[in-house]
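Descriptive structure summary
Read off the chains here:
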Amino acid sequence: MFVDTHCHLYQEYYDSIDEVIGRAQENHIKTFFVAGCDRKSNEEVMDLCEQYDSIYGCVGIHPENVESYVPQDIEFLNECVCNPKVIAIGEIGLDYHYTKENKEEQNILFERQLMLAEEYGLPVVIHSREATQDTIDILRKYPDVKGVIHSFSGSLEVAKIYIQMGYKLGINGVVTFKNSHLKELLPKVLDSIILETDSPYLTPHPYRGTRNEPKYVLDIAKFIAEYCDISLEELAQITEKNIKEIFKKC
Ligand code: NI
């Protein structure tokens, strides 16, 4: 019924991936897109894809790892993308939250991976924090590449720009937070959203303080359906259509 389109199901966070998946399936979450961030996690994504029919992979170098990656890590992405279960490049993007000093290096790393996506006809999963304008400017240079703005939390104006560029908005537990205004724009962009958890981070209300899991996609979905006054089935149809439009390999 639902897909967790963005989670980090790494061994370091979970004692039993089997149990995490079992609990999610009980909640009608049938498929999981696991995103890598660096060489180690990308390798883990490849292993998970092999072990679980329900897991598909996204591989990429996260902007927070711009200082530590080596050229071989990009070459490894080239190997990964040939695997039929690798459905996207991600998560990639720009993050100026901690520092802007490596902005040039971040832009170069981001563009290299966008070129890879373009070459292989794959969608991208974008992480953008405090870097909206640069993200938009760079994505505009690759008009054939489409994807998802993961963990979207911007304004309606920014949402509309991304949608117009062919991107979907990844909505997660942040939408349930009491102090978040994100929900207010949902009715206006509902046709362009997909659901995710970003597990183990960003646990939805009222479970904050515990570790996030893909099973909470159902709680996020219920929250959105209720707020937008549509049925869960309608929301499932919208998100499924959007997932198929972007992730052509799954
Ligand atoms: Ni993530």
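Look up a bit, the structure's there.
Residues numbered from 1 in each chain as written. Predicted model: local features only at pLDDT ≥ 70, side-chain atom pairs only at ≥ 80, totals over all residues. Heavy atoms only, no water.

**Some thoughts on the coordination of the nickel ion**
Here the nickel ion is held by H6 (NE2), H8 (NE2), E91 (OE) and D198 (OD), and the distances to it run 2.1 to 2.3 Å. Viewed at the metal, the four donor atoms of the nickel ion are separated by angles of 82 to 176 degrees, and the geometry they form is irregular. Counting the intervening residues between successive donors of the nickel ion yields the motif H-x1-H-x82-E-x106-D. Here E91 is found in strand β4 (residues 86-95), whereas its partner D198 is found in the loop between β8 (193-195) and α8 (217-228), with 107 residues between them in sequence. Like E91, the residue D198 is buried in the burial classification. (Donors = N, O, S within 2.8 Å, 3.2 Å for Na, K, Ca; no water. Tetrahedral: all angles 85-135°; square planar, octahedral: opposite > 155°, others 65-115°. Helix = DSSP H or I, 4+ residues; strand = E, 2+ residues; numbered from the N terminus. Buried < 20%, exposed > 50% of the residue type's maximum accessible area, 1.4 Å probe, protein only.)

**Section: the pairing of strand β5 (residues 124-129)**
As paired elements, β4 and β5 share five bridges and run parallel to each other. Among the inter-strand pairings, G93 is bridged to a residue of β5, identified as H127. Once you follow β4 into helix α4 (residues 103-120) and on to β5, the crossover reads as right-handed. Judged from the three bridges that link them, β5 and strand β6 (residues 147-149) form a sheet pairing that is parallel. Its bridge partner lying in β6, V125 is registered against V148. Note that the unit made of β5, helix α5 (residues 132-140) and β6 has a crossover that is right-handed. (Pairing = 2+ DSSP bridges. Right-handed = clockwise from strand over helix to strand, strands pointing away.)

**Remarks on the nonpolar core**
In this structure, F2, I193 and I224 are the most contacted members of the largest nonpolar core, which totals 77 residues. With seven residues, α8 is the single largest residue contributor to this core. Filtering out sequence-adjacent residues up to four positions away, I193 remains in contact with L169, I171, L186, I224, L235, T239 and N242. Residues F33, A88, I243 and F247 belong to the second largest nonpolar core, which totals twelve residues. (Core = buried A, V, L, I, M, F, W, Y, C linked by side-chain atoms within 4.5 Å. Contact = heavy atoms within 4.5 Å.)

**Some remarks on helix α3 (residues 71-80)**
Looking at α3, one finds that the buried residues are D73, I74, F76, L77 and C80. Along the axis of α3, the buried positions cluster into a sector of 150 degrees, meaning they face one direction only. The secondary structure elements touched by the buried residues of α3 are α2 (39-51), β3 (55-59), β4 and α4. (Arc of directions from axis to C-beta.)

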